[in-house]
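If you want the building blocks of each chain, they are given just below.
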Amino acid sequence: MIEMIKVSKWFGLFQVLTDVDLKVAAGEKVVVCGPSGSGKSTLIRLVNRLEEHQSGRVIVDGVELTDDPKKTDAVRREVGMVFQSFNLFPHLTVLENLTLAPVWVKHVSRKEAEETAMHFLARVRIPEQAGKYPSQLSGGQQQRVAIARALCMRPKLMLFDEPTSALDPEMIKEVLDVMVELAREGMTMVVVTHEMGFAKTVADRVVFMDGGRIVEAAPPAEFFGAPKTGRARLFLSQVLGH
Amino acid sequence: MKFAIQWIRENLFAGWVSSAFTLLLIFVLWKTLPPFIDWAFLDAVWKPDSKACRAGEGACWGFIAEKHRFILFGTYPYDLHWRPAVATVLLIGLWIFSAIRLFWKWWLTLVWLSGLTTIGILMWGGILGLPYVENERWGGLILTLLLTTFGLAIAFPLSILLALGRRSDMPVIRGLSVGYIELIRGVPLISLLFMASVMLPLFLPSGVTIDKLLRAQIAMILFAAAYLAEVVRGGLQAIPRGQYDAAHALALPYWRRTYLIILPQALRISVPPLMNTFIAFFKDTSLVLIIGLFDLLSTIKISLNEPAWTGFGIEAYVFASLVYFVFCYAMSRYSRGLEHQR
């Protein structure tokens, strides 16, 4: 589904990613973790070209991302994304947030788009909020709307960029529950998160990044049980140690 | 009563600084208000009689009574004044109608088209048995309102394109937008109007003439667009990057993204400065005086030239201020209402 080959990226003179190789198969769930500034967010933002890589290759669902906007568009139609700060459209109701892209990008009829939207709102357990504006919802509800919005485009792959980092502790679970359910249904997922519990239950593979490189990549049992590198051990002791 | 006393104590005499300012204000009002009331009402002359005015102490509202038709309609043929009067009422009606959110539907365009057509027929005439009046003779309030309406209706969309152009990834479009905005903003409106009225005809091929009113209108549109563009750009810059990320991630193409996500938010943020510029533009229309068009303020100036009425400038400008104030205050209140709506 995703193939990254020797991908590097710089912000000005600062190199954020160095020779990253990563393969994600269809149906696989990959959790990306690592200390802040290690390049995790940049890595997943390359997948739908919210960031552009400067060397190496990024191939998503058989399409190589280049300067060609048509290819970028084709990939973005197949890839859903959930952000740390939700990024719902504040001037639209929940229902309008969900139907906007299906109607204007996929040219689905409004009626069909609304049915799909209500279906996914029910899946994330907030169908009663359809008529409200994002600012009237709690953080956890907003993030679930954001997940539903991405699902309404019927993506083949979902990217999550620290989906619970901006949430109050009591709301983290409601969002993670939705994500676990999504994983059980077989969605291909790449999740940047510090929620190690989620990684243990859901991930097929944990990718540990530090300093713009992938330092370790292993199934969760192996990664949490016997981390190979000192940096991973240090990181784990910091996130699990309290 | 008890409540009133408490209110006065809390709001006017809370602490000695507050008390001092209250007393100062009362003193200033006591010194200025009674003389003003004497001048404006008690001693005022209401009859259109310039001799009585010169003899009296107070304001000479008779001047306004005598000249109001010239002030409101300019050099438009006297017997046909009902036509600009109806046109003025119609245009104001269109504004009020469009201010109501319930009517923001596609057919509002049709309402405007038919309204403006009717106004055009009324003002020009030439058909339906109405005598033809060339637009050189249009003047007064309707001219001010028409210049503002067409000016803003065309300048505003243009300014949005300029603001988007200035933030474009394409260097040519960005360069053109920046060049245009900086060039026009760097020049006073008066010199633009002069250029439009004096220089433009020199560059046109012989035989081609553009009407003076149209030239002034074009100059005002170009000017307003540059200012509004910067206001809109301010709104665009206030949109968080996450909104663009989300729109990109949903594969929304540029114009859809701009129209559906970015502009609705950016324009809402820009309502107060936009209305500020609209109001300034409404008043700037009075500068067309210098190229020989007679808007509301110009007609007042001309009325003062008549020997019988020279020297009554204060009354004339108080009247003009009142008319301008009514329109500007209405715009201001409306924009405050807009800010609080979804």
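A. Structural view of the sheet that holds strand S1 (residues 2-11) of chain A. Residues and elements named next belong to chain A. The strand order across the open sheet built from 4 strands is S2-S1-S4-S5, with neighbouring strands paired in antiparallel fashion. Strand pairing shows two members of the sheet lacking a second neighbour, strand S2 (14-24) and strand S5 (63-64), which therefore form its edges. Pairing of S1 with S2, which is carried by 7 bridges, proceeds in the antiparallel orientation. By the bridge assignment, Val-7 is partnered in S2 with Val-20.

B. Highlighting helix H2 (residues 69-78) of chain A. Listed in full, the buried residues belonging to H2(A) are A:Thr72, A:Val75 and A:Arg76. Buried residues of H2(A), viewed axially, fall in a sector of 100 degrees; they line one side. Those residues of H2(A) hidden inside the fold are in contact with helix H1 (40-47), strand S4 (55-60), S5 and strand S6 (79-82) of chain A together with helix H11 (241-249) of chain B. Among the residues of H2(A), the N-terminal cap falls to A:Asp68, whose side-chain oxygen and the backbone nitrogen of A:Lys70 are separated by 3.0 Å.

C. Structural detail: the domain arrangement of chain B. All names here are of chain B. Domains assigned within chain B are domain 1 (61-75 + 140-342) and domain 2 (77-132). The gap between the C-alpha centroids of domain 1 and domain 2 is 20 Å. Contact with domain 1, which involves 17 residues of that partner, is made by 18 residues of domain 2. Summing both partners gives a buried area of about 1,500 Å² for domain 1 against domain 2, and 73% of it is carried by carbon and sulfur.

D. Inspection of the environment of A:Glu128 at higher detail. Position of A:Glu128 relative to the elements: it lies in the loop between helix H4 (110-123) and helix H5 (139-151). As for A:Glu128 and A:Leu43, which are separated by 85 residues in sequence, their C-alpha atoms are 36 Å apart.

E. Region of interest: the confidence of the model for chain B. Residues and elements named next belong to chain B. Considering every residue of chain B, the mean pLDDT works out to 87; 100% of them sit at 70 or more. At the level of individual helices and strands, chain B shows its lowest average pLDDT in helix H3 (residues 50-55), which scores 76, and its highest in H11, which scores 94. In the predicted complex, the global pTM is 0.85; the interface-specific ipTM is 0.92.

F. Structural context of the sheet that holds strand S10 (residues 213-218) of chain A. Residue and element names in this part refer to chain A. Sheet architecture is open: 6 strands sit in the order S6-S7-S8-S3-S9-S10, paired in mixed fashion. At either margin of the open sheet sits one strand with a lone partner, and together these are S6 and S10. Going across the sheet, the axis of each strand differs from the next one's by a mean of 15 degrees, ignoring polarity. Across 4 bridges, the pairing between strand S3 (residues 29-33) and strand S9 (residues 205-210) is parallel. Each bridged residue has a counterpart across the sheet, and for Cys-33 the counterpart in S9 is Phe-208. Each of S6 and strand S7 (157-161) touches H5; the most contacted strand, S6, lies at about 170 degrees to it. In this fold helix H6 (residues 169-184) packs onto S3, S7 and strand S8 (188-192), with an angle of close to 145 degrees to the strand it touches most, S8.

Conventions adopted
Residues numbered from 1 in each chain as written. Chains lettered and ligands numbered in written order. Predicted model: local features only at pLDDT ≥ 70, side-chain atom pairs only at ≥ 80, totals over all residues. Heavy atoms only, no water. Pairing = 2+ DSSP bridges. Helix = DSSP H or I, 4+ residues; strand = E, 2+ residues; numbered from the N terminus. Buried < 20%, exposed > 50% of the residue type's maximum accessible area, 1.4 Å probe, protein only. Arc of directions from axis to C-beta. Contact = heavy atoms within 4.5 Å. Polar contact = N/O pair within 3.5 Å; in protein donor to acceptor, adjacent residues only side chain to side chain. Domains from an automatic or database assignment. Buried area = accessible area lost by both parts, 1.4 Å probe. pLDDT = per-residue confidence, 0-100. Axes fitted to C-alpha atoms, helices over the stretch in contact; angles between N-to-C directions.

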